[in-house]
Amino acid sequence: MRFQEYIKKKREIVNQALDKYLPDGSREPKSLHKAMRYSVFAGGKRLRPILAIASFEAVGGKGGGILPVACALEMIHTYSLIHDDLPCMDDDDLRRGKPTLHKVYGDGVAVLAGDALHALAFELLLQAKNSQVVLEVAKAIGTEGMIGGQVKDLEAEGKKVSLKQVEYIHTHKTGKLLRASIRVGAILGGADKATLLALSGYGEKFGLAFQIVDDILDVVGKEEIIGKKKGSDKANSKATYPEVIGLEKSKILAKHLLQKAKSKLRTLGRKSWVFEGLADYVYERIG
Ligand code: GRG
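All of the points below concern the structure found in this document. (Residues numbered from 1 in each chain as written. Predicted model: local features only at pLDDT ≥ 70, side-chain atom pairs only at ≥ 80, totals over all residues. Heavy atoms only, no water.)

Structural notes on the nonpolar core
Worth spelling out the cut-off: Only buried residues count toward a nonpolar core. Its members are Ala, Val, Leu, Ile, Met, Phe, Trp, Tyr and Cys residues joined through side-chain atoms within 4.5 Å. Working definition: with a 1.4 Å probe on protein chains only, accessible area under 20% of the residue-type maximum means buried, over 50% means exposed, and in between means partly exposed. By the criteria applied, helices consist of DSSP H or I runs no shorter than four residues and strands consist of E runs no shorter than two, each listed in order from the N terminus. Any two residues having at least one pair of non-hydrogen atoms within 4.5 Å are treated as being in contact.
Ranked by internal contacts, the top residues of the largest apolar core, which has 84 residues, are M75, Y202, F206, F275 and L278. Top contributing element to this core by residue count: helix α10 (residues 193-220), with 11 residues. Setting aside residues up to four positions removed in sequence, F275 forms contacts with L51, A54, S55, A58, I182, L199, Y202 and L265.

Structure representation (C-alpha cells):
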C-alpha cells in the first residue's frame, strides 16, 4: 500500500508539473500545442519521471529541482511513442487507450508535435543547471541509445534475429532512457560514485526486463490494460523475446533480470524500497 500511495502521489505531482510546462492549447500554434497535450495527457504510467524522482529522493535530494527534469523525460518518452506509432514506423492506431496522434491530427502535425516535445524537453533539462544531466539524456536517446535501438528494430523487421540482436534492440530502444532516468535523479540528488553505480546497475537490468515484459504483454496482455492493440509485434514481424526464445523462457528471464536488478541495490539499504516495488510491479503485469 505504501508503494501504491507513493506512485499515485508522484504521478499527480508530475501531471501537475507537465500541465504547467506544456504550452496552453489556446496559444498559437494552437493545433501543435493541442496535439502535444493530447499525447502527453492521453494516459501513461509516468514511469520515467517516477524513477528519476525516486532516485533523487533515495540519495537524499531535496526540493523541486528534479521536477523539470522528470517532466523532460516524460516528454521525450511521449515524443518517441508518437513517432513510433507513425505509418512509416509501426503504424499503430491505438496508444494509451486512445487513437494515436497522427490518426487525430494527421501525420505532419504528429511528427512536429514529437519534435516540439523533444525540443521542450531540452529547455526543461537546462533548468537543472547541470551539464552532466543534459549529456546523460542526450546520449541515452541518441544514435547509441534509443534512436540506435529503434533503427536496429526497424531493420530487423521480418528477419530472423539472434538473442544478441534482440538484446541490443531492447537495451537501446527502451533500456537506455529508463537507466538514464534513474541516473539523472541520482546525479541531481548528489549521489556518491558507488550509489550511482548501484542505481545504474539496477536501471540496466530493469530496463531490459521492462521491454521483455512489454513484448510478453503484446502476446498475452489485455488491450484495455495495455492501451494498445495486442499482437502488433507479430503483425509487424518485430524482433521480440517471445519470438526468439519463446513465451515461457521470456517470463523466466524477465523474473531473473528483475531479481538481479533488486540485488544491485543492497548498498542502498532501506532506501531501495521504491525500486523493489517497481521491479515487483513490472513482473506482476505478467504474473
Ligand atoms: C525520431 C523518427 C523518430 C522516431 C523515434 C525512438 C523511437 C522513435 C521510438 C522509441 C522506441 C519505443 C517506442 C520503445 C518502446 C518503449 C516502450 C516499452 C513503451 C511503452 O512504455 P510505457 O509502458 O508507456 O512506460 P506509458 O504509456 O505508460 O508511458
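Let's talk about the packing of aromatic side chains
Going by this rule: Between 30 and 60 degrees the pair is tilted, below 30 it is stacked and above 60 it is edge-to-face, where a pair is any two Phe, Tyr or Trp rings, Trp via its six-membered ring, whose centres lie within 6.5 Å.
Taken as a whole and judged by the stated rule, the model has 5 aromatic pairs. Consider the rings of Y202 and F206, whose centres lie 5.4 Å apart with planes at 15°: the pair is stacked. With Y202 and F206 both in helix α10 and 4 residues apart, this pair spans about one turn of that helix. With respect to burial, Y202 and F206 carry one shared label: buried. Considering the side-chain rings of Y202 and F275, the 5.2 Å spacing of their centres and the 75° angle between planes classify their relative orientation as edge-to-face. With a gap of 73 residues between them, Y202 in helix α10 and F275 in helix α15 (residues 273-284) connect regions that are remote in the sequence. For the pair formed by Y202 and F275, the shared burial category is buried. Members of the aromatic cluster, each reached through a chain of ring pairs, are Y202, F206, F210 and F275.

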